[in-house]
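# Coordinate analysis (summary)
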Number of protein chains: 2
Amino acid sequence: MTPPAAHGRDLPHPAREEIRLESVLHALSDPMRLRIVRELAAEGRELSCSDFVLPVTKSTTTHHFRVLRESGVVRQVYRGTAKLNGLRADDLDALFPGLLDRVLEAADRQAGRG
Amino acid sequence: MTPPAAHGRDLPHPAREEIRLESVLHALSDPMRLRIVRELAAEGRELSCSDFVLPVTKSTTTHHFRVLRESGVVRQVYRGTAKLNGLRADDLDALFPGLLDRVLEAADRQAGRG
DNA sequence: GTCAAACTACGATGGTTCTCGTACGATGGA
DNA sequence: TCCATCGTACGAGAACCATCGTAGTTTGAC
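Residues numbered from 1 in each chain as written. Chains lettered and ligands numbered in written order. Predicted model: local features only at pLDDT ≥ 70, side-chain atom pairs only at ≥ 80, totals over all residues. Heavy atoms only, no water.

Turning next to the protein's contact with DNA strand C. Around DNA strand C, the surrounding shell holds 26 residues, and the nearest of these are A:T60, A:H64, B:T62, B:T81 and B:K83. Among the atoms of DNA strand C close to the protein, meaning within 4 Å, 77% are from sugar or phosphate groups. Between DNA strand C and the protein, one listed contact pairs a phosphate oxygen with a side-chain N or O atom of A:T60 at 2.7 Å. When residues of the surface near DNA strand C are traced back to their parent elements, those giving at least two are α2 (31-43) and α3 (58-71) of chain A together with α3 (58-71) and β3 (82-87) of chain B. (Near = heavy atom within 4 Å. Polar contact = N/O pair within 3.5 Å; in protein donor to acceptor, adjacent residues only side chain to side chain. Helix = DSSP H or I, 4+ residues; strand = E, 2+ residues; numbered from the N terminus.)

This is the structure:
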């Protein structure tokens, strides 16, 4: 009785052209979310939500991932019981060339400064 | 009786090293403020608050300029009755190389897409 | 000294966001 | 079938933010 899409209900994502610069900047302006994005970029692969050890509860984590997804920064797909998160680096780079890299670089620098 | 600094009371600005990436991104994530920054960059010189024609009241404009100043994006100095606003492009570029340019470029692109 | 212009300060309001806790649903394995 | 795991939904609270209007301050010009 389960509908055809048995393997993975899917989540709403903005299409590439729908991604707004302001939303992306806003998504990245939260420390927790910037941390998530940096980790995702450093790892270079899709990570499940539970791969992240964050100083907030699970529901708060869910909230932040949703903001990231709705702003177009990450793509989320279900994989069994886990939900994999991948950076939409290709889409972002097509829309806003170099932006994500400069932000990540800036975050690294700032972290280096302590 | 006026203290020595007769020509221009001065406003609190973060020092270069105090500028936080998250604050900058947050400042730039508001449409009104991004618009201000773009205009400032396009003009390439200091502009007074009243040079901007924004669809908000003056008190709201004051608010946005303060956010921009406190986050380290603009520098404000009094010049007689006017207040001049200049982009802190040098400071930002020293801290976060290329970031401001990529944001401005991204904003142009997005504006171009309509 | 008076006046207009530029901007600020303050208080209020309505909206958004970050955070949590608890309860729920979906998946895959024992 | 039962259960553990992973994540969601919902409700709530506190904080923050964008916006406004009004009243005030500072400055420079007349």
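From this point, the narrative continues.
This part covers the protein's contact with DNA strand D. Close contacts around DNA strand D come from 25 residues, with A:T62, A:K83, B:T57, B:H63 and B:H64 the closest. The contact atoms of DNA strand D, taken as those within 4 Å of the protein, divide so that sugar and phosphate hold 75%. In this structure, A:C49 approaches DNA strand D through a main-chain N or O atom, which is 3.2 Å from a phosphate oxygen. Between DNA strand D and A:T81 there is a distance of 2.9 Å, counted from a sugar or linking oxygen to a side-chain nitrogen or oxygen. Broken down by secondary-structure element, the contributors of at least two residues to the surface near DNA strand D are α3 and β3 (82-87) of chain A together with α2 (31-43) and α3 of chain B. A class-by-class count of the residues in the surface near DNA strand D yields six nonpolar, 13 polar and six charged. (Nonpolar A, V, L, I, M, F, W, Y, C, P; charged D, E, K, R; others polar.)

So, on to the relation of the copies chain A and chain B. Rotating chain A by 180° and translating it 0.0 Å along the rotation axis places it on chain B, where the RMSD comes to 0.0 Å. The two molecules are tied by a two-fold rotation axis, judged by turn and shift. (Least-squares fit on C-alpha atoms with pLDDT ≥ 70 in both.)

How two helices pack is summed up by the angle between their axes together with the distance between the axes. Where helix α5 (residues 99-113) of chain A contacts helix α1 (residues 21-28) of chain B, the two axes come as close as 10 Å, and the packing angle between them is 145°. Between α5(A), through A:V103, A:A106, A:A107 and A:Q110, and α1(B), the contact on the second element is made entirely by B:L21, B:E22 and B:L25. Taken together, the residues of the contact of α5(A) with α1(B) break down into five nonpolar, one polar and one charged. (Axes fitted to C-alpha atoms, helices over the stretch in contact; angles between N-to-C directions. Contact = heavy atoms within 4.5 Å.)

On to the interface of chain A and chain B, then. Contacts between chain A and chain B engage 25 residues on the former and 25 residues on the latter. For the pairing of chain A and chain B, the buried interface totals around 2,200 Å² over both sides, and the portion due to carbon and sulfur atoms is 62%. Joining chain A to chain B, the criterion identifies zero salt bridges. At the boundary of chain A and chain B, one finds six residue pairs in polar contact (both at pLDDT 80 or more). Where the side of chain A that touches chain B is concerned, the elements lending two or more residues are α1 (21-28), α2, α4 (89-95) and α5 of chain A. A per-class count over the side of chain A that touches chain B returns 14 nonpolar, four polar and seven charged. (Buried area = accessible area lost by both parts, 1.4 Å probe. Salt bridge = Lys/Arg side-chain N within 4 Å of Asp/Glu carboxyl O.)

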